[in-house]
Amino acid sequence: MAKPRGSLRIPPALMFLVMLAFLAGGVPAWAQSPPYRVAVLTPGLTFSPVLDGFREGLARLGYQERRDVNLVVEDARGEASGLAERAARLAAAKPHVLFTVATAQTAAAKQTTTAVPIVFAWVGDPIRSGFIAGYSSSENNLTGVSNQAAALSGKRLEILLEAVPGIKRVLAIVAAREDIAQNCFRSLSESASQRGIQLLRRDVTSREEIRRVLRELPRGAMDALVLVPSTLGATHIDLLIQRAREDRIPLGVHEDTMVEQGALLSYGPEFRTIGAQAAKVVVKVLKGARPSELPIQTPEKIVLAINLTTAKTIGLKLPRYLVERADRLVE
C-alpha cells in the first residue's frame, strides 16, 4: 500500500535515539519543539535582578517568552521554608530545564531530582556546597554560574581596609542555616587573621535576630560592618545599612544594588549580569547539551561600586586612587 502524500518519514537512527530517551524517562530537549518549559526557583526580592538578567539574556539569544520558551516561576520572596516543596512541584511538571537562583534554592532542587537538568546562578561555592564534583564537570545533572562569593570574601575585606585603614573590629552577620554563609565566613576569617582584624561573628536565622544583634551591640563596639553573603542577609540588608549610618561606620557588601541602597562599597559580580550569563548555559542545555558536559562558569566581570553620598554621610574621605579604580560610583 502506498504511503499517503506528505507523510513524514523519521530516519531510523533518530527514531532509535528518541525511543531510548523515552525508555530513560523522557525526551531530550533537541527531540522536542518550542516553546520549551523552563522552571525557575528564586528567592526573589533583592535577587530579582538575576531573573531580569536571565530574561534579557534569553531574548538576546533569540528566545522570546511565550513563543520559544515558557517560564514557570516559583518566587520564595526571601523565605527559606518550603523550598523543598516548591522544588518538587516544579520538577514534577517535567520542565526541560530547572533554573535556580542562589545556594539554598539549588540545594532544594538537587535533592528533588536527578533527571531534570538544573542550571544554577549566584551560587557561591558549588563544590563545598556538594552540588558538583568539579568545575570542569559536575558529573551529574547540574551546571551553571558561580558568583565566587566565598573566594571573593577575603578580597572584599581588603578593599574595605583600603577605604578605612584604621579598622580593627568588624561585625560579621552570618546566616546560620545557609551553607554559603559558612563557606564565605571561612574565607573572610582567614583574611581577617592575616591582617590582625577581630571579627565579631553573630549567627542569625531571622530578621528579628538581626535586629536583636544590632540592638544589643553598643555604639563603638565595632569599626565596620560586613555582610557575609546569604539570602537572609541580602533580604534584610536595610537593617545593616541603617545601623552603619547611625554609627557612622562603613558597610561592605557583595553586590552593587546594595550600594545603591546605601552600603558604602561592594566588590563582586552583578545580579543582572550573572542572570544573563546563566541564560547562555540554559540555551546550550535546550539545544541538547548535558549539564555534565558544560563546565561551571565564573563571573565574566567583577565590579567595585562605591557610594560617595554614604561616604560623606559617615564623614569618610576615601583615597582618591580607590575612587578612580571604582567601576561604579553612586552619588
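Every chain begins its residue count from 1, and numbering advances along the sequence as written. Predicted model: local features are reported for residues with pLDDT of at least 70 only, side-chain atom pairs are reported and counted for 80 or more only, and whole-chain, interface and lining totals are derived from all residues. Side-chain metrics in this entry use all non-hydrogen atoms of the structure; hydrogen atoms and water are not considered.

### Overview of the overall build of the protein
The criterion, for reference: Helix and strand assignments follow DSSP, with helices taken as H or I runs no shorter than four residues and strands as E runs no shorter than two, numbered in order from the N terminus. Relative accessible area decides the class of each residue, using a 1.4 Å probe on protein chains only: under 20% of the type maximum gives buried, over 50% gives exposed, and in between gives partly exposed. Throughout, a contact is declared for two residues whenever any of their heavy atoms are within 4.5 Å. Positive residues here are Lys and Arg, negative ones are Asp and Glu, while His and the chain termini are left out of the count. To locate a charge, take atom NZ for lysine, CZ for arginine, CG for aspartate or CD for glutamate.
When helices and strands are tallied, the protein shows 13 helices and 12 strands. Along the longest, intermediate and shortest principal axes, the C-alpha atoms of the protein span 90 × 35 × 30 Å. Burial statistics for the protein: of 331 residues in total, 54% are counted as buried. For the protein, the proportion of contacts with a sequence separation of at least 24, taken over those separated by at least 6, is 69%. Here the protein carries 42 positive and 32 negative side-chain charges, and the mean point of each set is 4 Å from the other.

### Some remarks on the environment of Pro49
If you trace the backbone, Pro49 turns up in helix H2 (residues 48-60). Assessed through its relative accessible area of 17%, Pro49 is described here as buried. Counting along the chain gives 225 residues from Pro49 to Ile274, while the straight-line C-alpha distance between them is 9.2 Å. Residues within four places of Pro49 in sequence aside, it is in contact with Phe271 and Arg272.

### What about the packing of helix H7 (residues 207-216) against helix H9 (residues 237-247)?
Here is the rule we go by: Helix axes are fitted to C-alpha atoms over the stretch in contact, other axes to C-alpha atoms as well, and angles between N-to-C directions run from 0 to 180 degrees. Any angle from 65 to 115 degrees is called roughly perpendicular, while one under 35 is roughly parallel, one over 145 is roughly antiparallel, and all others are oblique. Left-handed describes a crossing in which the near helix is turned anticlockwise from the far one by less than a right angle; the clockwise case is right-handed.
Relative orientation of the contacting elements H7 and H9 amounts to 15°, with a least axis distance of 10 Å. The pairing of H7 with H9 is recorded here as roughly parallel in orientation. Our pair here, H7 against H9, has a crossing hand that is right-handed. In contact with Arg207, Ile210, Arg211, Leu214 and Arg215 of H7, H9 contributes Asp238, Leu239, Leu240 and Arg243.

### As for the packing of aromatic side chains
To be explicit about the condition: Between rings of Phe, Tyr and Trp, where Trp is taken as its six-membered ring, a pair exists when centres lie within 6.5 Å; planes separated by under 30 degrees are stacked, by over 60 edge-to-face, and by other angles tilted.
Counted by the stated rule, this structure contains three aromatic pairs. Judged by centre distance (5.2 Å) and plane angle (50°), the ring pair of Phe47 and Phe271 falls under tilted. Residue Phe47 is found in the loop between strand S1 (36-42) and H2, and its partner Phe271 is found in helix H11 (residues 271-286); the two are separated by 224 residues along the sequence. Judged by its relative accessible area of 2%, Phe47 is buried. Since its relative accessible area comes to 0%, Phe271 is described here as buried. Judged by centre distance (4.3 Å) and plane angle (50°), the rings of Trp122 and Phe271 are tilted. Taken as a pair, Trp122 in strand S4 (residues 118-123) and Phe271 in helix H11 lie far apart in primary sequence, 149 residues in all. Each member of the pair, Trp122 together with Phe271, is buried. Here the aromatic cluster, defined as three or more aromatic residues joined through ring pairs, consists of Phe47, Trp122 and Phe271.

### Some words on H11
This is how it is decided: Here the expected span of a helix is defined as 1.5 Å times the quantity of residues minus one.
For H11, spanning 16 residues, the distance from its first C-alpha to its last is 23 Å, which sits close to the expected 22 Å at 1.5 Å a residue. Counted residue by residue, H11 has 12 buried out of 16 residues, so it is predominantly covered. Looking at H11, one finds that the buried residues are Phe271, Ile274, Gly275, Ala276, Gln277, Ala278, Ala279, Val281, Val282, Val283, Val285 and Leu286. Those residues of H11 that are buried lie in contact with S1, H2, strand S3 (97-101), S4, strand S5 (142-146) and helix H10 (256-261). One or two steps after H11, the chain reaches Gly288, where phi turns positive at roughly 120°.

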